[in-house]
Amino acid sequence: MSRNPTPGFRRRPRVADRMTAAHFDLVQQSLAAERSGDAARALELHAAVPALNLRSRHHVLLTQLASLGEELPDRVWARWIAYQAVRCEDPDTETGTIQRLALKYVMETFHDDQLADCHADGGDPIKVVAWVASESWLFHQVLVHELGGLERFVDELATGRLAEHSTLARSWEGARLSGYLLGPSLPGGRLRVEDLAADTWTEVLDLGARANTGAGGWVLGRLVPSGVDNLLMFDTPPIAVPEDVARDVAAASEPWLRMKEILDEGRLVERDFMRADHELVTDVLSIELLRIGTAPADLERVTAQLRAGRDEIPRAAFRVLRRAAEGAVHESDAAQVAAAILQPGARADARRMLVREGRYDVWARWAALVHEPARSLLLDLADASRAVG
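This one's a predicted model, so the numbers in the text were calculated from it and none came from an experiment.

1. Focus on the pairing of strand 2 (residues 190–195)
Here strand 1 (residues 178–186) runs beside strand 2; their pairing, made up of five bridges, is antiparallel. Paired with L186 across the strands is R190, a residue of strand 2. Across six bridges, strand 2 lies against strand 3 (residues 200–205) in antiparallel orientation. Residue pairing across strands places V193 opposite T202, the latter belonging to strand 3. Taking the residues between adjacent antiparallel strands as the criterion, strand 2 and strand 3 are bridged by four residues, where D199 takes a positive phi near 55°.

Structure representation (structure tokens):
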């Protein structure tokens, strides 16, 4: 079966074909606002360009960041910096050069079968390259860490508040890719993790990574400083893999070479490293939040509605918050409640429908189990409930 995402692809008018000079100027202003750390301004400018997709993941992330205001935890600033480095295609910058080198490397090393299938099916290779650039976890990791794209972006393009909050991002330089086993969530917003390379257990910041791994809990990722109580965190939500893959990568002296061998052996396929979700504030992927917040009997229908363009993620997040208010969520899943309250649409619905007399203690208890900025958002629900009383 073909793995080409666009078999028989016919060229449609590109976004650029529908852009005027004024629109291109707005895009550049939006990029400048992002690179200065002004999410609200970047969102305003991005939304003013008719040709851009307001349902894109980038627009969703800008909306989420803008809704949180300017007082973001340093770990969110660091992830936002890494995300912007990945998106940087500026032709006359060193960061853009690194981006292109990283893309060329991963296409030739990890995603060559995607191009082969594309050519065999008569597809458009540019579409495949764009897909890899957008969704390949391997590409993001190579660019940000292996080729130093994160540090180069900070030095070259970050300004304003983004540059002011770059210290934590810089400390991520040199973090090793390895295999890990995710253990149980602990009180205080911590997660037990076994570092397979060191054969030791440690406690890290619990942002909900366990939600994406199923029953096994074996992942590939990088642990980096979080800026919270000397705890480490994953630089981006880790990738779920079988146990033997996690152990092999952890034991390898050259993890990237070992991963290429694992792909060649057929123990993983390229699609295992592709995901549409980028998360800056949580480790719970949006598609997993949909699963968590939807009854099993309804999941197929709701997923189909999502694919058809209906915005189902905020609805699912609201259902998680409703269950939390009713005492139907276990405390060990507090990171999932945090991910739900971080959805602006779900948060607005919760303010309208889940603020009740006598619920101050309920929301305050959840707030005590999670990290900022979710903690403050849940405390807002608590205070609103107390005001009702």
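From this point, things continue past the structure.
2. Here's the deal with unusual backbone geometry
At the junction of E372 and P373, the peptide bond is cis and its omega measures out at 5° in the coordinates. By the element assignment, P373 lies in the loop between helix 19 (360–367) and helix 20 (374–388). Its identity is not glycine, yet D229 carries a phi of approximately 50°, on the positive side. By the secondary structure assignment, D229 is in the loop between strand 5 (223–225) and strand 6 (232–234). Assessed through its relative accessible area of 57%, D229 is described here as exposed.

3. Focus: empty space enclosed by the protein
The full count for this structure, using the stated rule, is three cavities of 30 Å³ or more. Empty space within the largest cavity amounts to approximately 250 Å³. Around the largest cavity sit 19 residues that line it, and Y83, H140, D235, T236 and H278 are the ones nearest its centre. For the lining of the largest cavity, the elements supplying multiple residues, two or more each, are helix 4 (74–87) and helix 8 (137–146). Of all the elements, helix 8 adds the most residues to the lining of the largest cavity, at five residues. Counted by class, the lining of the largest cavity contains eight nonpolar, five polar and six charged residues. Counted as a void, the second largest cavity has a volume near 40 Å³. Lining of the second largest cavity is provided by V144, H145, L150, A169, W172, E173 and G174.

4. Examining the pattern of salt bridges
A side chain with one charge can pair with a side chain of the opposite charge if their charged atoms come near. With the rule as written, the count across this model stands at 26 salt bridges. As a salt-bridge pair, R79 and D283 come within 2.5 Å of each other at their nearest N and O atoms. One end of the pair, R79, is in helix 4; the other, D283, is in the loop between helix 13 (255–264) and helix 14 (286–292), with 204 residues separating them in the sequence. Of the two residues, R79 and D283, neither departs from the other in class, the shared state being buried. With its nearest N and O atoms 2.8 Å apart, the salt bridge here joins E108 to K104. With E108 and K104 both in helix 5 (residues 94–109) and four residues apart, the pair spans about one turn of that helix.

5. A closer look at the confidence of the model for the chain
Here the chain shows a mean pLDDT of 91. Residues at 70 or above account for 95%. Below pLDDT 50 for its whole length, residues 1–13 participates in 28 contacts with residues either more than four positions away or in separate chains.

6. Regarding the layout of surface pockets
Which parts of space are left empty comes out when a probe the size of a water molecule is rolled across the atoms. Roughly 260 Å³ of volume is contained in the second largest pocket. Lining the second largest pocket are 24 residues, with G189, D206, A334, A335 and L369 positioned closest to its centre. Within the residue set of the lining of the second largest pocket, elements represented by two or more residues are strand 1 and helix 17 (334–341). Residue contributions to the lining of the second largest pocket peak at four residues, all from helix 17. For the lining of the second largest pocket, the per-class residue count stands at 13 nonpolar, seven polar and four charged.

Conventions and cut-offs
- The numbering scheme is per chain: residues are counted from 1 as the chain's sequence reads.
- In view of the model being predicted, local features appear only for residues whose pLDDT reaches at least 70, and side-chain atom pairs are presented and counted only at 80 or more, with totals across whole chains, interfaces and linings using the full set of residues.
- With hydrogens and water set aside, each side-chain value is computed from the structure's full complement of heavy atoms.
- Here, a strand pair is defined by DSSP locating no fewer than two bridges between the strands.
- In this text, helices come from DSSP runs of H or I with a minimum length of four residues, and strands from runs of E with a minimum of two, each type numbered from the N-terminal end.
- Burial classes follow relative accessibility: with a 1.4 Å probe on protein chains only, a residue under 20% of its type's maximum area counts as buried, one over 50% as exposed, and anything between as partly exposed.
- In this analysis a 1.4 Å probe is tested at points of a 1 Å grid over the protein atoms alone, and where it fits but cannot get out there is a cavity; an open set with protein on both sides within 12 Å along at least five of seven lines is a pocket; lining residues have an atom within 4 Å of a point.
- Grid points are joined across faces, edges and corners, and a volume is the space filled by probe spheres set on the points.
- Nonpolar residues are Ala, Val, Leu, Ile, Met, Phe, Trp, Tyr, Cys and Pro. Charged residues are Asp, Glu, Lys and Arg, and all others, Gly as well, are polar.
- The rule for a salt bridge is simple: a side-chain nitrogen of Lys or Arg has to be within 4 Å of a carboxyl oxygen of Asp or Glu.
- Per-residue confidence from the prediction method is given by pLDDT, with values spanning 0 to 100.
- Only heavy atoms enter the contact rule, under which two residues are in contact if any of them lie within 4.5 Å.

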